[in-house]
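Residues per chain are reported as follows:
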Amino acid sequence: LRMLLRALAIALLPATHAAPAPAMVGARTPEDFALMRRMEELARAERHREAEELRDRIRRQVNVTYGLLRQSLRESRVGFLPSSVLGELELDFDHDTWILDPTRPRLIDLLTPREIVNMRKHKPATRVMMVANELSANIQRLAVHFIFDREFVQAGAACIDGLLNSYKACYRIVDTPIPFPYAHMLATI
């Protein structure tokens with residue numbers, strides 16, 4: 001990158017430096033160094049802006065993951081909360097109403113229109129995996145901005161694996177049928 005910046009700095013020199021004397025071919029002027037320093041600052045600012053955008057995207061995807069986990073474990077099975085507007089209207093949880101869920105975090109506020117259209121086609125459990133995959137990819141993109149990039153990716157992957165393992169455990173618990181005597185006792189109470 002530094003060599004590229006130097007080549008660009010030399011290529012962008014003012015016209016007064018276009019035809020240097022033969023003895024001055026390898027020499028640099030203070031303006032050359034100032035231009036190179038400015039180009040390095042611009043490149044550094046661009047890398048910083050890109051890293052901030054990735055951090056914001058990761059924060060948003062963590063909230064989206066939580067919302068989709070909740071929907072996959074609760075709303076997709078029992079419907080919307082009865083105390084919510086959608087619960088009072090007795091709307092079913094399906095491919096059209098999943099985005100209208102009023103429980104926080106509200107997915108309609110967090111997802112882009114393209115993501116909504118893309119996720120609409122999939123089952124709730126698949127949506128969780130899609131966002132976890134995107135989250136992992138963004139963590140890898142952000143890692144190049146850190147000194148200890150490998151460790152950052154490993155820690156991020158471990159967190160995502162732990163979250164998905166907990167999700168699978170909750171999914172197994174929710175899928176386990178209630179024993180008949182216990183269900184009968186609950187129905188009579």
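Residues numbered from 1 in each chain as written. Predicted model: local features only at pLDDT ≥ 70, side-chain atom pairs only at ≥ 80, totals over all residues. Heavy atoms only, no water.

Let us now look at the overall build of the chain. Across its full length, the chain holds 8 helices and 0 strands. Shown N-terminal to C-terminal, the secondary structure of the chain runs as helices and strands in the order α-α-α-α-α-α-α-α. Going through the 189 residues of the chain one by one, you find that 28% of them count as buried. For the chain, restricting intrachain contacts to residue pairs at least 6 apart in sequence, the fraction spanning at least 24 positions comes to 65%. About 13,100 Å² of surface is accessible on the chain, with carbon and sulfur atoms providing 61% of the total. (Helix = DSSP H or I, 4+ residues; strand = E, 2+ residues; numbered from the N terminus. Buried < 20%, exposed > 50% of the residue type's maximum accessible area, 1.4 Å probe, protein only. Contact = heavy atoms within 4.5 Å. Areas by Shrake-Rupley, 256 points an atom, 1.4 Å probe, with all protein chains shown as cover.)

Together, I178, Y182, M185, L186 and I189 make up an exposed nonpolar region whose accessible area comes to about 550 Å². Note on placement: L186 falls in helix α8 (residues 180–188). Among the residues examined, L186 registers a relative accessible area of 42% and is labelled partly exposed. (Patch = residues over 30% accessible without salt bridge, like charges linked within 9 Å, V, L, I, M, F, W, Y side chains within 5 Å. Salt bridge = Lys/Arg side-chain N within 4 Å of Asp/Glu carboxyl O.)

Following both chains from N to C, one finds helix α2 (residues 30–78) and helix α6 (residues 124–143) inclined at 160 degrees, their axes separated by 9 Å at the closest point. Considering their axes alone, α2 and α6 lie roughly antiparallel with respect to each other. The way α2 lies across α6 gives a crossing that is left-handed. (Axes fitted to C-alpha atoms, helices over the stretch in contact; angles between N-to-C directions. Parallel < 35°, antiparallel > 145°, perpendicular 65-115°, else oblique. Left-handed = near helix turned anticlockwise from the far one by under 90°.)

Once that is clear, we can look at the packing of α2 against helix α7 (residues 149–175). At a closest axis distance of 11 Å, the pairing of α2 and α7 adopts a crossing angle of 5 degrees. Here α7 runs roughly parallel to α2, going by the angle between their axes. For the pair α2 and α7, the contacting residues are T65, L69, S72, L73 and R77 in the first and L163, Y167, C170, Y171, V174 and D175 in the second. Partitioning the contact of α2 with α7 into residue classes produces 7 nonpolar, 2 polar and 2 charged. (Nonpolar A, V, L, I, M, F, W, Y, C, P; charged D, E, K, R; others polar.)

Overall, the coordinates contain 12 salt bridges when judged by the stated rule. The partner of E52 in a salt bridge is R55, and the shortest N-O contact between them spans 2.9 Å. Remark: R55 and E52 occur in helix α2; sequence separation between them is 3 residues, near one turn of the helix. A relative accessible area of 29% places E52 in the partly exposed class. Among the ionic pairs, D175 bridges to R77, the shortest N-O distance being 2.8 Å. In this pair, D175 sits in helix α7 while R77 sits in helix α2, placing the two residues 98 residues apart along the sequence. Using a relative accessible area of 34% as the deciding quantity, one classes R77 as partly exposed. The network of salt bridges with shared partners includes R70, R74, E75 and D101.

Glancing now at the packing of aromatic side chains. Taken as a whole and judged by the stated rule, the model has 3 aromatic pairs. Measuring from ring centre to ring centre gives 5.8 Å for Y167 and Y171, while their planes differ by 55 degrees; the resulting arrangement is tilted. Taken together, the residues Y167 and Y171, both in helix α7 and 4 residues apart, mark about one turn of the helix. The exposure class of Y171 is partly exposed, given its relative accessible area of 29%. Directly above the ring of Y171 sits R77, whose terminal nitrogen or CZ lies 4.6 Å from the centroid. Over the ring of W98 we find R127, and its NZ or CZ is 4.1 Å from the ring centre. (Phe/Tyr/Trp six-rings, centres within 6.5 Å; stacked < 30°, edge-to-face > 60°. Lys NZ or Arg CZ within 6 Å of the ring centre and 35° of its normal.)

By themselves these figures say nothing about function.
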